[in-house]
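# Structural description and commentary
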Amino acid sequence: MLGDTIAALATPLGEGGVGIVRLSGPAALEVAAGLFKAKHAQDLRAGRNYHLVYGHIVDPETGDTVDEVLLAVMRAPHSYTREDVVEVHAHGGIVPLRRILELCIAGGARLAEAGEFTKRAFLNGRLDLAQAEAVLDVIRSKTGDGLRLAVDQLGGRLSRKIASFREDLVQMLAEIEASIDFPEEEIPESTMLEINGRLRRLAEASGELLAGAEAGRIYREGLATVIVGKPNVGKSSLLNALLRENRAIVTEIPGTTRDVIEEIVNIRGIPIRLLDTAGLRETEDIIEQIGVERSRQAVALADLVILVLDADTGIEDEDRRVVELVAGKQVLAVVNKTDLAPEDLDKAQVKEFTGAEAVVRTAVTDNQGLEALESAIADLVLGGRVSRGDTLLITNERHKAALIKARKHLLEASDTLRQELPLEMTAIDIRSALEAFGEITGSTVTEDILDRIFADFCIGK
Ligand SMILES: Nc1nc2c(ncn2[C@@H]2O[C@H](COP(=O)(O)OP(=O)(O)OP(=O)(O)O)[C@@H](O)[C@H]2O)c(=O)[nH]1
Ligand SMILES: [Mg+2]
């Protein structure tokens, strides 16, 4: 319901210099005024907009002072939600913040649902849906490049592109519908050709956006990359080297790693979710068995597998089993410990044995080959297709699905035109394409899709 006033903690619950309780809705000022005593007596509701007011939160029942605060007042429509918003900037402690929130609820506000502030911003037209989704992407961005893409989308870059597609379609639809309504004014052949060309160009432009979608998804979610290999080849050493931190335990004892360890590393701006796993081998040790099972599961979910071999031991039966396990995955092979056996396991041999797309030779303990490994990862992920500079990338699966639908309808519209089928059919396809594009920005979107999108948000955003 839009008419009520919501409240939530806008900062994480924990200790911090400042913690913020946020109120939004028609009664926001009234609720805040009911528990706030300004240092210099003034009526919040009559005060100036966008001013900080200094004072105390006081429990209206007991008269106890709860905390010393600053109140930020942002009146509709100049606020995040376009409703009246009050932020209580208190000390960032769990007890005072909970208490202030409770007082807001007792004063007539309702606890906000996840993402409800942003949902209101969308419903009140301050953000479209693609922009609202970008708010979460900004919060969750994992590298500088991921952040840039999210900020671009929040700024409306994707929305403007989609809006221009839709505008073009609406114009074409108007021409076609005019001729359906007035059959005596038949559209000249040249106009038909022109409309067909425009439809094709839009389909092409959608295709171009889709081409970058995989890279976009990776920038947003991170590339799930699993390091596998038999025990003791240096998997954990590799994780630590890429992280530049001694995160995983490394020993000369095979079977050291028992559980899957996950960390995010930034490789050339690409967020990589790196998983170090237990060495794969037959084992009687029950803990190690569980670890090996988890390694298998991690491989099943991986976008990229880094398969590590040991130059010193050469290829053994255990390596063969690892190769079987990663069949069908995108594989990057690493030959490690080349310091101990500089001549063994050349790249061609390893490529043949593993079926990997690239092979890198490293000596992790000597910091050898890591740059080459990082380049190989970046090349594989982006396939040299996407320049990071200024490309507009689709980062969201939902947008991708809508674009695929739109493109299909555009091609169908163009086909019906070319085959000189009744114009009504072309009009139907154009309308479907319009609707699919509209799903991205939220101009055509159902309530349950909205609920699903905003349920992903944190409470207070
Ligand atoms: N000489 C040499 N030793 C290495 C290299 N990389 C790792 N090691 C050593 O190999 C041993 C095993 O390294 P780990 O990183 O624990 O190997 P792992 O693959 O994680 O082993 P498990 O967790 O048991 O599967 C350690 O003693 C490392 O110091 C290398 O490039 N050269
Ligand atoms: Mg290990």
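Everything that follows concerns the structure shown earlier in this document.
Bear in mind the structure is a predicted one, so any value in this text is a computation, not a measurement.

## Some remarks on the overall build of the protein chain
Tallying secondary structure elements over the protein chain gives 16 helices and 13 strands in all. In terms of overall dimensions, the protein chain is more spread out than a globule: its C-alpha atoms have a radius of gyration of 29 Å, far above the 23 Å expected for 461 residues. Reported as C-alpha extents along the three principal axes, the dimensions of the protein chain are approximately 80 × 80 × 35 Å. Within the protein chain, buried positions represent 51% of all 461 residues. Restricting to contacts in the protein chain with at least 6 residues of sequence separation, those with at least 24 account for 68%. When the accessible surface of the protein chain is totalled, it reaches about 22,000 Å², and 51% of it is carbon and sulfur. Distance between charge centroids for the protein chain: 3 Å, based on 53 positive and 76 negative side chains.

## What to know about the sheet that holds strand β8 (residues 223-228)
What the six strands build is an open sheet, ordered β9-β10-β8-β11-β12-β13; its pairing is mixed. The open sheet is flanked by β9 (261-267) and β13 (358-361), the only strands paired with a single partner. Ignoring strand direction, the axes of neighbouring strands in this sheet form an average angle of 25°. Here β8 runs beside strand β10 (residues 270-276); their pairing, made up of five bridges, is parallel. Within the sheet, the bridge partner assigned to Val226 lies in β10 and is Leu275. Sitting on the sheet, helix α8 (residues 213-221) is in contact with β8 and β10, with an inclination near 65° to β10.

## A few points about the pairing of strand β12 (residues 331-336)
Burial within β12 is extensive, with six of its six residues counted as buried. Side-chain alternation along β12 places Val331, Ala333 and Val335 on one buried face and Leu332, Val334 and Asn336 on a second face that is also buried. As defined by bridge partners, strand β11 (residues 304-310) adjoins β12 across six bridges and the pair is classed as parallel. Looking across to β12, one finds that Asp310 is bridged to Asn336. Once you follow β11 into helix α11 (residues 317-325) and on to β12, the crossover reads as right-handed.

## A short note on the side chain of Arg398
With respect to the secondary-structure elements, Arg398 resides in helix α14 (residues 397-418). If we skip the residues at most four places from it in the chain, Arg398 touches Leu129, Glu133, Glu439, Ile440, Ile449 and Ile453.

## Thoughts on the site of ligand 1
Around ligand 1, a shell composed of 23 residues is seen, among which Lys235, Ser237, Gly255, Thr256 and Thr257 lie nearest. Note that an oxygen atom of ligand 1 is positioned 3.2 Å from one of the backbone N or O atoms of Gly279. Contact with the protein chains covers 90% of the free accessible surface of ligand 1, which is 650 Å². With three residues, helix α9 (residues 235-243) is the single largest residue contributor to the shell around ligand 1.

## A closer look at the coordination of the magnesium ion (ligand 2)
In the first shell of the magnesium ion (ligand 2), the protein supplies Ser236 (OG) and Thr257 (OG1), at 2.0 to 2.1 Å from the metal. On the criterion of sequence distance, the pair formed by Ser236 in helix α9 and Thr257 in the loop between α9 and β9 is long-range, its members being 21 residues apart. We note that Ser236, like Thr257, is buried.

## Structural notes on the pattern of salt bridges
A side chain of one charge can pair with a side chain of the opposite charge when the charged atoms of the two come close. By the definition in use, this model includes 37 salt bridges. Residues Arg398 and Glu133 are paired through a salt bridge, measuring 2.9 Å at the closest nitrogen-oxygen approach. Linking Arg398 in helix α14 with Glu133 in helix α4 (residues 129-140), this pair joins segments that are 265 residues apart in sequence. Comparing Arg398 with Glu133, the two get one shared label, buried. Here Arg217 and Glu221 are joined by a salt bridge, their closest N and O atoms 3.2 Å apart. Of this pair, Arg217 and Glu221 both sit in helix α8, four residues apart, roughly one helical turn. Taking relative accessible area as the criterion, Arg217 reaches 13% and is therefore assigned buried. Salt bridges here are not isolated pairs; linked through shared partners, they connect Asp137, Glu214, Arg217, Arg220, Glu221 and Asp303.

## Examining the environment of Gly438
The topology assignment puts Gly438 in helix α15 (residues 423-441). Among the residues examined, Gly438 registers a relative accessible area of 0% and is labelled buried. Placed 275 residues apart in sequence, Gly438 and Ala163 show a C-alpha to C-alpha distance of 8.4 Å. In this view, Gly438 contacts Arg166, Ser443 and Thr444; residues no more than four positions away in its chain are not counted.

## Some words on a negative patch on the surface
Taken together, the side chains of Asp312, Asp339, Glu343, Asp344 and Asp366 present a region of like negative charge at the surface. By the secondary structure assignment, Glu343 is in the loop between β12 and α12 (347-354). Classification of Glu343 as exposed rests on a relative accessible area of 71%.

## Quick word on the layout of surface pockets
If you roll a probe as big as a water molecule over the atoms, it shows you where there is empty space left. Estimated volume of the largest pocket: approximately 450 Å³. Lining the largest pocket are 23 residues; nearest its centre among them are Leu136, Asp137, Arg220, Asn396 and Asp456. At the level of secondary structure, the elements contributing two or more residues to the lining of the largest pocket comprise α4, α5 (144-154), α8, α14 and α16 (447-455). Here the residues of the lining of the largest pocket sort into seven nonpolar, six polar and ten charged.

## Some thoughts on the sheet that holds strand β3 (residues 36-38)
Spatially, the seven strands line up as an open sheet ordered β3-β4-β5-β6-β2-β1-β7, and their pairing is mixed. The open sheet has two free edges, formed respectively by β3 and β7 (110-111), since each of these has just one partner strand. Pairing geometry for strand β5 (residues 65-74) and strand β6 (residues 85-92), over five bridges, is antiparallel. Bridge pairing in β6 links Ala72 to Glu87. Across the sheet, helix α3 (residues 116-123) lies against β1 (6-9), β2 (16-24) and β7, angled at about 135° from β1, the strand it touches most.

Analysis parameters
In every chain, residue numbers begin from 1 and rise along the written sequence. Naming scheme: in the order in which they are written, chains are lettered from A and ligands are numbered from 1. Thresholds applied to this predicted model are a pLDDT of at least 70 for local features of residues and 80 or more for the giving and counting of side-chain atom pairs; totals over whole chains, interfaces and linings are not thresholded and use all residues. Each side-chain value is derived from all of the structure's non-hydrogen atoms; neither hydrogens nor water enter the calculation. Helix and strand assignments come from DSSP, with helices taken as H or I runs of at least 4 residues and strands as E runs of at least 2, each series counted from the N terminus. Values of the radius of gyration come from C-alpha atoms, whereas the globule rule sets the reference at 2.2 Å times the count of residues to the power 0.38. Each residue is placed in one exposure class: buried if its accessible area under a 1.4 Å probe, protein chains only, is under 20% of its type's maximum, exposed if it is over 50%, and partly exposed if it falls in between. Contacts between residues were defined by any pair of non-hydrogen atoms, one from each residue, lying within 4.5 Å. The Shrake-Rupley method, run with a 1.4 Å probe sphere, supplies the accessible areas, and residue values consider only the shown protein chains as cover. By the counting rule applied here, Lys and Arg register as positive and Asp and Glu as negative, while His and the ends of each chain are not counted. To locate a charge, the coordinates of NZ of Lys, CZ of Arg, CG of Asp or CD of Glu are taken. At least two bridges found by DSSP between two strands are what make those strands a pair. Fitted lines through C-alpha atoms give the axes, limited to the stretch in contact for helices. The angle between two N-to-C directions lies from 0 to 180 degrees. If you view a crossover with the strands going away from you and the path from the first strand over the helix to the second runs clockwise, you call it right-handed. It suffices for a single heavy atom of a residue to lie within 4 Å of a molecule or strand for the residue to be listed as near it. The term polar contact refers here to a pair of N or O atoms within 3.5 Å; inside protein, the definition further demands a hydrogen-donor-capable atom paired with an acceptor-capable atom, and it admits residues adjacent in sequence only when both atoms are side-chain atoms. Donor atoms (N, O, S) are those found within 2.8 Å of the metal centre, with the cutoff raised to 3.2 Å for Na, K and Ca; water is not part of the atom list, so apparent gaps in a site can occur. Salt bridges are defined as contacts in which a side-chain nitrogen from Lys or Arg sits within 4 Å of a carboxyl oxygen from Asp or Glu. Residues enter patches when they are more than 30% accessible in relative terms and free of salt bridges; like-charged ones are connected within 9 Å and nonpolar ones (Val, Leu, Ile, Met, Phe, Trp, Tyr) within 5 Å. The definitions used throughout rest on a 1 Å grid laid over the protein atoms alone, on which a cavity is an enclosed set of points accommodating a 1.4 Å probe that cannot get out and a pocket is an open set flanked by protein within 12 Å on both sides along at least five of seven lines; lining residues are those having an atom within 4 Å of a point. Grid points are joined across faces, edges and corners, and a volume is the space filled by probe spheres set on the points. For this classification, Asp, Glu, Lys and Arg are treated as charged, while Ala, Val, Leu, Ile, Met, Phe, Trp, Tyr, Cys and Pro are nonpolar and the rest, including Gly, are polar.

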